[in-house]
Amino acid sequence: MESNFVQATCDYSTACKLLDCGESTVRRLCQQGELTCIRHGRKMRIFLESIDAYTQRVHDRAAAEAASKRKSLNQ
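Residues numbered from 1 in each chain as written. Predicted model: local features only at pLDDT ≥ 70, side-chain atom pairs only at ≥ 80, totals over all residues. Heavy atoms only, no water.

Asks: Got a minute to help me understand the pattern of salt bridges in this structure?
Replies: Pairs may arise between side chains of opposite charge once their charged atoms sit close together. Scanning the entire structure with this criterion turns up 2 salt bridges. Across the pair Arg 27 and Glu 23 runs a salt bridge, and its minimum N-O distance is 2.5 Å. Taken together, the positions of Arg 27 and Glu 23, both in helix H2 (residues 23-32) and 4 residues apart, correspond to about one turn of that helix. For Arg 27, a relative accessible area of 37% corresponds to the partly exposed category. When its relative accessible area of 37% is taken as the criterion, Glu 23 is described as partly exposed. In this structure, Glu 34 engages Arg 57 in a salt bridge whose closest nitrogen and oxygen atoms are separated by 2.9 Å. With Glu 34 in the loop between H2 and strand S2 (37-40) and Arg 57 in helix H3 (residues 48-74), the pair connects residues that are 23 residues apart, well separated along the chain. Judged by relative accessible area, Arg 57 falls into the partly exposed class, the value being 31%. (Salt bridge = Lys/Arg side-chain N within 4 Å of Asp/Glu carboxyl O. Helix = DSSP H or I, 4+ residues; strand = E, 2+ residues; numbered from the N terminus. Buried < 20%, exposed > 50% of the residue type's maximum accessible area, 1.4 Å probe, protein only.)

Put into structure tokens, the structure is as follows:
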């Protein structure tokens, strides 16, 4: 029987490559709740959807900061 709740996951090393950061950063992001992960046996698996959501949040924050700086420079 196939589950409808199966979501794509990756390990720490793949998440590091996707985020272009080190393993300690990925672990910290998981602990802080920025990335959603699950233990599968002895390994931790990070949901790819949470990596996408995290990168979108980082992008949105950076865009907002850039807009704010442009606004303050134009005043």
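Asks: Got a minute to help me understand the side chain of Ser 50 in this structure?
Replies: Looking at where Ser 50 falls in the secondary structure, it is placed in helix H3. Of note is the side chain of Ser 50, whose polar atom sits 2.7 Å from the backbone oxygen of Phe 47. Residue contacts for Ser 50: discarding those within four places in its chain leaves Glu 34, Leu 35 and Thr 36. (Polar contact = N/O pair within 3.5 Å; in protein donor to acceptor, adjacent residues only side chain to side chain. Contact = heavy atoms within 4.5 Å.)

Asks: Got a minute to help me understand the sheet that holds strand S3 (residues 43-47) in this structure?
Replies: Sheet strands pair via backbone hydrogen bonds, and the direction of the pair is either parallel or antiparallel. Reading across the sheet, the 3 strands line up as S1-S3-S2 and stay open at both edges, with antiparallel pairing between neighbours. What marks the edges here is a single partner per strand, and that holds for strand S1 (9-10) and S2. With 2 bridges joining them, S1 and S3 adopt antiparallel strand pairing. Considered in S3, the bridge of Thr 9 is made with Phe 47. Contacting S1 and S3, H3 runs over the sheet at an angle of about 55° to S3. (Pairing = 2+ DSSP bridges. Axes fitted to C-alpha atoms, helices over the stretch in contact; angles between N-to-C directions.)

Asks: For this particular structure, what's the right way to read unusual backbone geometry?
Replies: Phi at Asp 20 is positive, roughly 55°, even though this residue is not glycine. Topologically, Asp 20 is positioned in the loop between helix H1 (12-19) and H2.

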